[in-house]
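# Structural overview
Chain by chain, the residues run as shown.
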Amino acid sequence: MVALILPLADAAPHLPGRGALIGLDLGSKTIGVAVSDPDWRLATGVETIRRQAFQRDAARLIALATERRAVGFVLGLPLNMDGSEGPRAQSTRAFARNLARLTELPIALWDERLSTAAVERELLALDVSRAKRAEVIDEHAAIFILQGALDRLARL
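Okay, so let's go over this structure. (Residues numbered from 1 in each chain as written. Predicted model: local features only at pLDDT ≥ 70, side-chain atom pairs only at ≥ 80, totals over all residues. Heavy atoms only, no water.)

### Description of the pairing of strand 6 (residues 107-111)
In this structure, strand 1 (residues 5-7) lies alongside strand 6, joined through three bridges in parallel fashion. Bridge pairing links leucine 6 to alanine 108 in strand 6. As judged from the five bridges shared by strand 5 (residues 70-77) and strand 6, these two strands associate in the parallel manner. In the strand pairing of strand 6, leucine 77 is matched with aspartate 111. In terms of handedness, the path from strand 5 via helix 3 (residues 87-100) over to strand 6 forms a crossover that is right-handed. (Pairing = 2+ DSSP bridges. Helix = DSSP H or I, 4+ residues; strand = E, 2+ residues; numbered from the N terminus. Right-handed = clockwise from strand over helix to strand, strands pointing away.)

### Observations concerning helix 3
Its 14 residues give helix 3 an end-to-end C-alpha distance of 20 Å, which sits within 8% of 20 Å, the value for a rise of 1.5 Å per residue. Buried-residue contacts for helix 3 involve strand 1, strand 2 (20-26), strand 3 (30-36), helix 2 (54-67), strand 5 and strand 6. (Expected span 1.5 Å × (residues − 1). Contact = heavy atoms within 4.5 Å.)

### Some thoughts on the side chain of glutamate 112
Along the chain, glutamate 112 turns up in the loop between strand 6 and helix 4 (115-125). Among buried Asp, Glu, Lys and Arg side chains, glutamate 112 stands out as unpaired, with arginine 88 the closest opposite charge at 4.5 Å. Not counting chain neighbours up to four residues away, the residues in contact with glutamate 112 comprise Asp25, Gly76, Leu77, Pro78 and Ile145. (Buried < 20%, exposed > 50% of the residue type's maximum accessible area, 1.4 Å probe, protein only. Lys, Arg positive; Asp, Glu negative; His and termini not counted. Salt bridge = Lys/Arg side-chain N within 4 Å of Asp/Glu carboxyl O.)

### So, the packing of aromatic side chains
The geometry of two aromatic rings is summed up by the distance between their centres and the angle between their planes. Taken as a whole and judged by the stated rule, the model has one aromatic pair. Each ring, one from phenylalanine 54 and one from phenylalanine 95, has its centre 5.2 Å from the other, and the planes form 80°; the classification is edge-to-face. On the criterion of sequence distance, the pair formed by phenylalanine 54 in helix 2 and phenylalanine 95 in helix 3 is long-range, its members being 41 residues apart. Judged by its relative accessible area of 23%, phenylalanine 54 is partly exposed. The class of phenylalanine 95 is buried, set by a relative accessible area of 4%. (Phe/Tyr/Trp six-rings, centres within 6.5 Å; stacked < 30°, edge-to-face > 60°.)

And the structure:
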């Protein structure tokens, strides 16, 4: 049981035409989690997981995928502005490889450049306090990442 890990466009043929997708924004201290509707139109926030040990974090993600009858994961891949991969992208790929050993659900990688910055600007525009922004930013970044991926899947 090793899941496929592919860029979103390459993963699309391996996804069934329907079913929830779980979107993830991997941070060093937290994991923002979002889920799509079964028809891949809308991403909504689920929760922010405080990172502990990989096995515990992965168990929570797999439990969420099972509860939501998910058909795949979408991980935000934090590329550098020039498209190269730095330490954060390498860490995301390592997380994906480890998760792939625990599930058969395909794992799609989606370019998440500037997602957190976009969400931060949105929350500032809404006059959300600094403390509240810190609580919700990773979950909102996961929504942003997953919605971008859903919009792309709709055009494939």
